Amino acid sequence: RDRPPGAVSQSAMALTPTEFETSSLRKKVVALLDEGRALRRGDDGSTATSTDSFLSCFDKAEVEGHARFLLSGLSLLKPGFRSLDASRPWLLFWIVHGLSLLGIEYEGTGENLTPASWYPFSPVTEELARTLGGAPSKTSCLGFVASCQNSSGGYGGGPQQLSHVATTYAAVAALVVVGGRDALEQVDREALASFLGRMQVKHGKRKGAFTVHVGGEVDMRACYLVMAVFRMVGLDPATFLDLDAMVEYIRSCQTYEGGFGGEPGNEAHGGYSYCAFAALALAGRHGEVDIYQLLEWASGRQQSVEGGFNGRTNKLVDSCYSWWQGALLCLIEEHLCQEIDLGEREDTVFHSGALQDWILLCCQLPPKSGGLRDKPGASPDYYHTCYALSGLSLCYRRGAMPHNRTDLLCNVREDKLLALDERLRREHKHTR
């Protein structure tokens with residue numbers, strides 16, 4: 001029918017900023033996927049399976065490129081990193097965890113970063129060997145972390161900085177990755193537990209939540225970070241925290257969509273949803289929220305065109321959500337399989353092939369520069385390299401050895417956490 005004078009057809013209407021950004025991104029993504037899929041897939045169109053080794057999706061040049069990129073952050077950083085001065089334990093964790101997923105680590109009692117015994121691309125090239133030779137020693141890394149610990153408990157973002165729940169997690173996780181069985185010898189566990197207990201809100205509408213530092217903000221991150229730290233240092237959170245109050249606070253943050261916001265009434269968000277459900281899982285209380293609505297929301301975050309996850313409804317895909325949303329879905333799957341007694345599944349709860357294509361074809365930089373970025377058009381950084389690799393490892397969990405699996409609750413390699421658990425069990429046996 002004829003339109004009234006002045007009317008504009010729907011196709012001609014101006015796009016909203018979000019629609020314009022999504023359309024622009026998808027044009028880049030489709031071009032990258034069309035160009036690269038034939039190289040990444042077999043003749044039958046299949047992708048690598050979850051029973052293959054994690055590093056099977058890379059070639060030697062790609063692994064070494066990412067390793068060199070990460071190693072560049074262990075040396076003197078450029079002036080642009082000044083804004084991250086209070087996040088130095090995070091930089092260390094992102095880098096050493098990313099390297100450990102690539103098979104580069106401080107192995108055993110050795111002082112230097114070397115390829116692990118299972119590293120599939122030995123020998124390394126002379127270029128990577130030189131870079132590894134210039135990396136800080138294990139003692140240097142552990143000494144830096146120790147310099148961030150405060151006598152009142154917890155770790156700051158750098159020496160003589162205020163203890164913060166987030167940098168405490170990053171410091172402890174870095175110790176687990178770097179230090180192996182002796183990782184936690186430097187940790188003052190009594191002071192640490194006291195610090196974390198003091199951060200819990202005791203009264204009011206936010207009772208049960210945590211402030212991130214003395215006088216700091218309250219949001220969902222802190223619930224998870226506190227619980228993960230207790231897990232890694234081998235202390236029972238129920239001895240120091242009001243877990244019932246924490247669970248009630250987390251429940252109050254679940255939204256009508258099914259995901260969790262950072263605070264009650266906030267929009268559902270991938271990072272906060274992972275933190276909420278992982279905190280509940282660490283407390284053994286993950287069945288106390290609407291898990292089916294959470295599953296529906298989280299599974300809807302994997303986008304059909306890009307293949308990666310976004311963090312919120314109608315937002316752009318970002319490679320870091322490969323971990324936050326991917327690990328959340330794996331945790332939900334594990335819980336439901338146990339609850340319904342479905343046994344071990346053979347496939348992943350998300351579209352593994354699409355996620356691999358997103359990370360490897362759209363977010364991976366060429367070996368010359370290395371690193372992974374949040375999306376096409378962006379530059380690589382240590383944060384997205386770490387979490388994109390963590391998310392990619394989820395595609396290979398089925399039947400993988402512990403050194404090829406990332407722990408869903410702490411985001412460190414499973415073999416490192418298992419070695420630490422064995423050490424803690426021996427210590428407990430000798431002190432009984």
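That block above? That's the structure.
Residues numbered from 1 in each chain as written. Predicted model: local features only at pLDDT ≥ 70, side-chain atom pairs only at ≥ 80, totals over all residues. Heavy atoms only, no water.

Time to look at the overall build of the protein chain. Secondary structure summary: the protein chain contains 15 helices and two strands in total. Counting over 432 residues, the protein chain shows a buried share of 54%. The contacts of the protein chain with a sequence gap of at least 6 include a subset with a gap of at least 24, amounting to 68%. Taken as a whole, the protein chain presents about 19400 Å² of accessible surface, with 51% of it coming from carbon and sulfur. (Helix = DSSP H or I, 4+ residues; strand = E, 2+ residues; numbered from the N terminus. Buried < 20%, exposed > 50% of the residue type's maximum accessible area, 1.4 Å probe, protein only. Contact = heavy atoms within 4.5 Å. Areas by Shrake-Rupley, 256 points an atom, 1.4 Å probe, with all protein chains shown as cover.)

Attention now moves to the nonpolar core. The tendency in soluble globular proteins is for nonpolar side chains to be buried side by side. One finds Phe93, Tyr169, Tyr224 and Tyr274 to be the most contacted residues of the largest nonpolar core, which totals 135 residues. Beyond its immediate stretch of four places on either side in the chain, Phe93 contacts Gly98, Tyr169, Ala170, Ala173, Ala174, Val177, Cys386, Tyr387, Asn411 and Val412. (Core = buried A, V, L, I, M, F, W, Y, C linked by side-chain atoms within 4.5 Å.)

This part takes up the packing of aromatic side chains. With the rule as written, the count across this model stands at 18 aromatic pairs. Geometrically, the ring pair formed by Phe93 and Tyr169 is edge-to-face, given 5.9 Å between the ring centres and 75 degrees between the ring planes. Linking Phe93 in helix 3 (residues 88-101) with Tyr169 in helix 6 (residues 165-179), this pair joins segments that are 76 residues apart in sequence. Put simply, the rings of Trp90, Phe93, Trp94, Tyr169, Tyr224, Tyr274, Trp323, Trp324, Tyr383 and Tyr387 touch in pairs and so form one group of aromatic residues. (Phe/Tyr/Trp six-rings, centres within 6.5 Å; stacked < 30°, edge-to-face > 60°.)

Considering all chains together, one arrives at zero disulfides under this definition. Looking at Cys57, it has no disulfide partner, and the nearest cysteine sulfur is the one in Cys395, 8.1 Å off. Since its relative accessible area comes to 6%, Cys57 is described here as buried. (Disulfide = S-S within 2.5 Å.)

Along its 14 residues, helix 3 runs 20 Å from first to last C-alpha, staying within 8% of the 20 Å computed at 1.5 Å per residue. Of all 14 residues in helix 3, 13 are buried, a share of seventy percent or more. (Expected span 1.5 Å × (residues − 1).)

What follows is about the packing of helix 10 (residues 270-282) against helix 12 (residues 321-340). One way to put it is that helix 10 packs onto helix 12 with a least axis distance of 9 Å and a crossing angle of 35 degrees. In the crossing of helix 10 with helix 12, the sense of the turn from one axis to the other is left-handed. Contacts between helix 10 and helix 12 pair Gly270, Gly271, Ser273, Tyr274, Phe277 and Ala278 from the former with Tyr321, Trp323, Trp324, Gln325, Ala327, Leu328, Leu331 and Ile332 from the latter. When the residues that make up the contact of helix 10 with helix 12 are grouped by side-chain class, the tally is 10 nonpolar, four polar and no charged. (Axes fitted to C-alpha atoms, helices over the stretch in contact; angles between N-to-C directions. Left-handed = near helix turned anticlockwise from the far one by under 90°. Nonpolar A, V, L, I, M, F, W, Y, C, P; charged D, E, K, R; others polar.)

Pairs can form between side chains of opposite charge whenever their charged atoms are close. Enumeration according to the criterion identifies 17 salt bridges in this entry. The closest approach of N and O atoms between Glu333 and Arg398, which form a salt bridge, is 2.7 Å. Of this pair, Glu333 sits in helix 12 while Arg398 sits in the loop between helix 14 (382-394) and helix 15 (414-431); the two residues are 65 residues apart in sequence, bridging distant segments of the chain. This pair shows no difference in class: Glu333 is buried, exactly as Arg398 is. Between Arg405 and Glu414 there is a salt bridge whose closest N-O contact spans 3.1 Å. Across the pair, Glu414 and Arg405 agree in class, each one buried. Counted as one network, the salt bridges with shared partners bring together Glu105, Arg413, Asp415 and Lys416. (Salt bridge = Lys/Arg side-chain N within 4 Å of Asp/Glu carboxyl O.)

With their axes 10 Å apart at the nearest point, helix 5 (residues 138-147) and helix 6 run at an angle of 165 degrees to one another. The angle between helix 5 and helix 6 places the two elements in the roughly antiparallel class. Helix 6 is crossed by helix 5, and the crossing has left-handed handedness. Two secondary-structure elements touch here, helix 5 through Lys138, Cys141, Leu142 and Val145 and helix 6 through Ala171, Leu175, Val178 and Gly179. Taken together, the residues that form the contact of helix 5 with helix 6 break down as six nonpolar, one polar and one charged. (Parallel < 35°, antiparallel > 145°, perpendicular 65-115°, else oblique.)

For the rest of this paragraph, the subject is the side chain of Ser319. By the secondary structure assignment, Ser319 is in the loop between helix 11 (291-299) and helix 12. The exposure class assigned to Ser319 is buried, which follows from its relative accessible area of 0%. At 2.8 Å, the side chain of Ser319 and the backbone oxygen of Arg373 are in polar contact. Apart from the residues lying within four places of it in its own chain, the contact partners of Ser319 are Trp358, Cys363, Arg373, Asp374, His384, Tyr387 and Ala388. (Polar contact = N/O pair within 3.5 Å; in protein donor to acceptor, adjacent residues only side chain to side chain.)

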